[in-house]
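Observations on the model geometry
Below are the chains, spelled out letter by letter.
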Amino acid sequence: MHVALTGATGFLGLRLLRRLLDTHRSVTVLAHAGSGNALHRITRFFELTDSPVAFTAGLPGRLRVVETELALPRLGLSGRTFQQLADGLDAIWHSAGSIHLEGSLPELRRMNVEGTRHVLELAAAGRRTPVVHHVSTAFVAGTRRDGVVYEDELDDTCGFENAYEQSKYEAELLVQAWSREHGRPVLILRPSILVTDLPPHPALPPHPLLVVERILRDAQRAAVPTSPGPDGPPRVRTVGHPHGRLNLLQVEHAAEVMVRLAGLAPSGGVDTYHVVHDRDVPVPTVVTLLERLAPLSIDLVATKPDAPSALEALLDFYPGLTAYLTHRRRFDDTRVRTRLGRSAASAPVGLDYLWSGLAQRGRALPGPPDTLRASCRPPRDSYA
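Residues numbered from 1 in each chain as written. Predicted model: local features only at pLDDT ≥ 70, side-chain atom pairs only at ≥ 80, totals over all residues. Heavy atoms only, no water.

1. A closer look at the overall build of the protein
What the protein contains, in helices and strands, is 13 helices and 15 strands. Seen through its C-alpha atoms, the protein measures out along the principal axes to roughly 70 × 45 × 40 Å. A sequence separation of at least 24 residues applies to 83% of the contacts in the protein between residues at least 6 apart. Of the roughly 17100 Å² that the protein leaves accessible, carbon and sulfur atoms contribute 53%. (Helix = DSSP H or I, 4+ residues; strand = E, 2+ residues; numbered from the N terminus. Contact = heavy atoms within 4.5 Å. Areas by Shrake-Rupley, 256 points an atom, 1.4 Å probe, with all protein chains shown as cover.)

In structure tokens:
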């Protein structure tokens, strides 16, 4: 059985590749054209994550790299090359995509929607009938902030926090329509926010939460002096719920669960799974992490301030950055737990774990500021 993987040099894709190489003799890597030597970056990742020397040395003989352009028809390949690729595949993992929270909808559609369309064209073009494994996101649930989100749900009634969520929703609609049209089974995997405790390294794909840190720091530099004032770090009021929660899952565990789910017998239609943690992270923990990354002092409030500071106004320009601090919903993963049992459960994700994956190696988690921490203060406005 021969498998192809998009996004193999990404944060999740590298972990998926490691799991796939445990069960497949070889893998075709559909790498982004012009992004550099994919084989070198993959090899470097495994070197830095202490993979066995024999495993790393054998990668050139087990990986076939095909440079593609997901946003183009036929993945930017010649007709002959595209057909040869399609004819040799038994399974396609589509993990590539843009997670640019600041991106515009047209920009994100180009990669996340059109890229998915072209991967589905590849799956339909060959002599075989490869199974499609599509990596989506649990956040296709959009702005629904309370209650339980079930795996069968997919609608846009509540709208979306940002263009990223909408583009992933539209991509899922494509996958479902393709499955019905071709009568082919499809596996849709919806991970939550993926994290790691592996310290940052220039040769590794960046931790997704580092994007949030960059936004916070850029806004802070643009709006206020770089050094703290006499009263400590700059204070920011942002809408959030003190009893909110976010689902964060170790990326290594997510990849393991995904590959195990792919090994189960398909139903024949669309099988959708929430690949999520069984315990959410409280919003105050996330606030503490953000405060110590920037640094800032964050007040959770029920509504946007009437007279925002320059920093607060700048942060408000980034759609979806802080909206998740209001979420209290839970992602149902009954299907995963039913199929995989207790082994689907993950180790806890706490503040120390999150800090380890964001701070340079050896940098200790800073203590709270001398002033009372914002996340411990009651919100300025009442909550329903």
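2. Let's talk about the packing of helix α5 (residues 79–87) against helix α6 (residues 105–125)
Contact pair α5 / α6: the axes reach a minimum separation of 8 Å and the direction vectors enclose 70 degrees. It follows from the interaxial angle that α5 and α6 lie roughly perpendicular. Here the hand of the crossing between α5 and α6 comes out right-handed. Contact residues: α5 offers Phe82, Gln83, Leu85, Ala86 and Asp87, while α6 offers Glu121, Leu122 and Ala125. By residue class, the composition of the contact of α5 with α6 is five nonpolar, one polar and two charged. (Axes fitted to C-alpha atoms, helices over the stretch in contact; angles between N-to-C directions. Parallel < 35°, antiparallel > 145°, perpendicular 65-115°, else oblique. Left-handed = near helix turned anticlockwise from the far one by under 90°. Nonpolar A, V, L, I, M, F, W, Y, C, P; charged D, E, K, R; others polar.)

3. Some remarks on the pairing of strand β7 (residues 186–191)
Burial of β7 is extensive: six of the six residues sit out of reach of the surface. Because side chains alternate across β7, one face comprises the buried residues Val186, Ile188 and Arg190, and the other comprises Leu187, Leu189 and Pro191, equally buried. Here six bridges tie β7 to strand β12 (residues 270–275), and the two strands are oriented parallel to one another. Each residue of the ladder has a partner; that of Leu187, found in β12, is Asp271. (Buried < 20%, exposed > 50% of the residue type's maximum accessible area, 1.4 Å probe, protein only. Pairing = 2+ DSSP bridges.)

4. Observations regarding the sheet that holds strand β3 (residues 63–68)
With parallel pairing, the seven strands of this open sheet are ordered in space as β3-β2-β1-β4-β5-β7-β12. Of all the strands in the sheet, the pair left with one neighbour each is β3 and β12. Neighbouring strand axes in the sheet, compared pairwise and without regard to direction, differ in orientation by 20 degrees on average. The sheet contacts of helix α1 (residues 13–23) involve β1 (3–6), β2 (27–32), β3, β4 (91–94) and β5 (131–135), and relative to β1 the element is tilted by about 165 degrees.

5. Remarks on unusual backbone geometry
Cis peptide bonds are those with omega within 30 degrees of zero, and the linkage from Ala294 to Pro295 qualifies with -10 degrees. Within the element layout of this structure, Pro295 appears in the loop between α10 (283–293) and β14 (297–301). Non-glycine residue Arg74 carries a positive phi angle of around 55 degrees. Even without being a glycine, Leu75 presents a positive backbone phi close to 60 degrees. On the secondary structure map, Leu75 appears in the loop between β3 and α5.

6. Topic: the confidence of the model for the protein
When the pLDDT values of the protein are averaged, the result is 89; 90% of them are 70 or greater. Considering only residues more than four positions removed or in separate chains, one finds that residues 369–384, a stretch of pLDDT under 50, has 38 contacts. (pLDDT = per-residue confidence, 0-100.)

7. Observations concerning the nonpolar core
Within the largest apolar cluster, 40 residues are counted, with the highest numbers of intra-cluster contacts made by Leu16, Leu17, Ile42 and Trp93. Considering every element that reaches this core, the biggest residue donor is helix α9 (residues 251–262), with seven residues. Ignoring any residue separated from it by four or fewer positions in sequence, one finds Ile42 in contact with Ala8, Thr9, Leu14, Leu17, Val29, Leu59 and Leu63. By size, the runner-up hydrophobic cluster in this structure holds 37 residues, among which are Ala141, Val212, Leu289 and Leu293. (Core = buried A, V, L, I, M, F, W, Y, C linked by side-chain atoms within 4.5 Å.)

8. What to know about the side chain of Ser95
With respect to the secondary-structure elements, Ser95 resides in the loop between β4 and α6. Given a relative accessible area of 16%, Ser95 falls into the buried group. Setting aside residues up to four positions removed in sequence, Ser95 forms contacts with Leu5, Thr6, Gly7, Leu12, Gly13, Leu16 and Val135.

9. Notes on the packing of aromatic side chains
Here the structure, examined in full by the defined rule, presents five aromatic pairs. Centroid distance Phe139 to Phe331: 5.7 Å. Interplanar angle 70 degrees. Geometry classified as edge-to-face. Separated by 192 residues along the polypeptide, Phe139 in the loop between β5 and β6 (148–149) and Phe331 in strand β15 (residues 330–331) bring together distant segments of the chain. In this structure an aromatic cluster arises from ring pairing among Phe45, Phe46 and Phe55. The side chain of Arg15 reaches across the aromatic face of Phe11, ending 4.8 Å from its centre. (Phe/Tyr/Trp six-rings, centres within 6.5 Å; stacked < 30°, edge-to-face > 60°. Lys NZ or Arg CZ within 6 Å of the ring centre and 35° of its normal.)

10. What to know about the pattern of salt bridges
Per the counting criterion, the structure on display carries 19 salt bridges. With a closest N to O distance of 2.8 Å, Arg109 and Glu170 form a salt bridge. Placement of the pair is Arg109 in helix α6 and Glu170 in helix α7 (residues 163–182), with a sequence separation of 61 residues. For Arg109, a relative accessible area of 32% corresponds to the partly exposed category. (Salt bridge = Lys/Arg side-chain N within 4 Å of Asp/Glu carboxyl O.)

11. Let's talk about α5
For α5, the complete set of buried residues consists of Phe82, Leu85, Ala86 and Asp87. Buried residues along α5 sit against β2, β3 and α6.

12. Considering the environment of Glu67
For Glu67, the position within the fold is in strand β3. Taking relative accessible area as the criterion, Glu67 reaches 46% and is therefore assigned partly exposed. Taking C-alpha positions, Glu67 is 26 Å from Arg190, a pair spaced 123 residues apart along the chain. Those residues in contact with Glu67, other than ones at most four positions away along the chain, are Ala31, Ala33, Gly34, Gly36 and Leu77.

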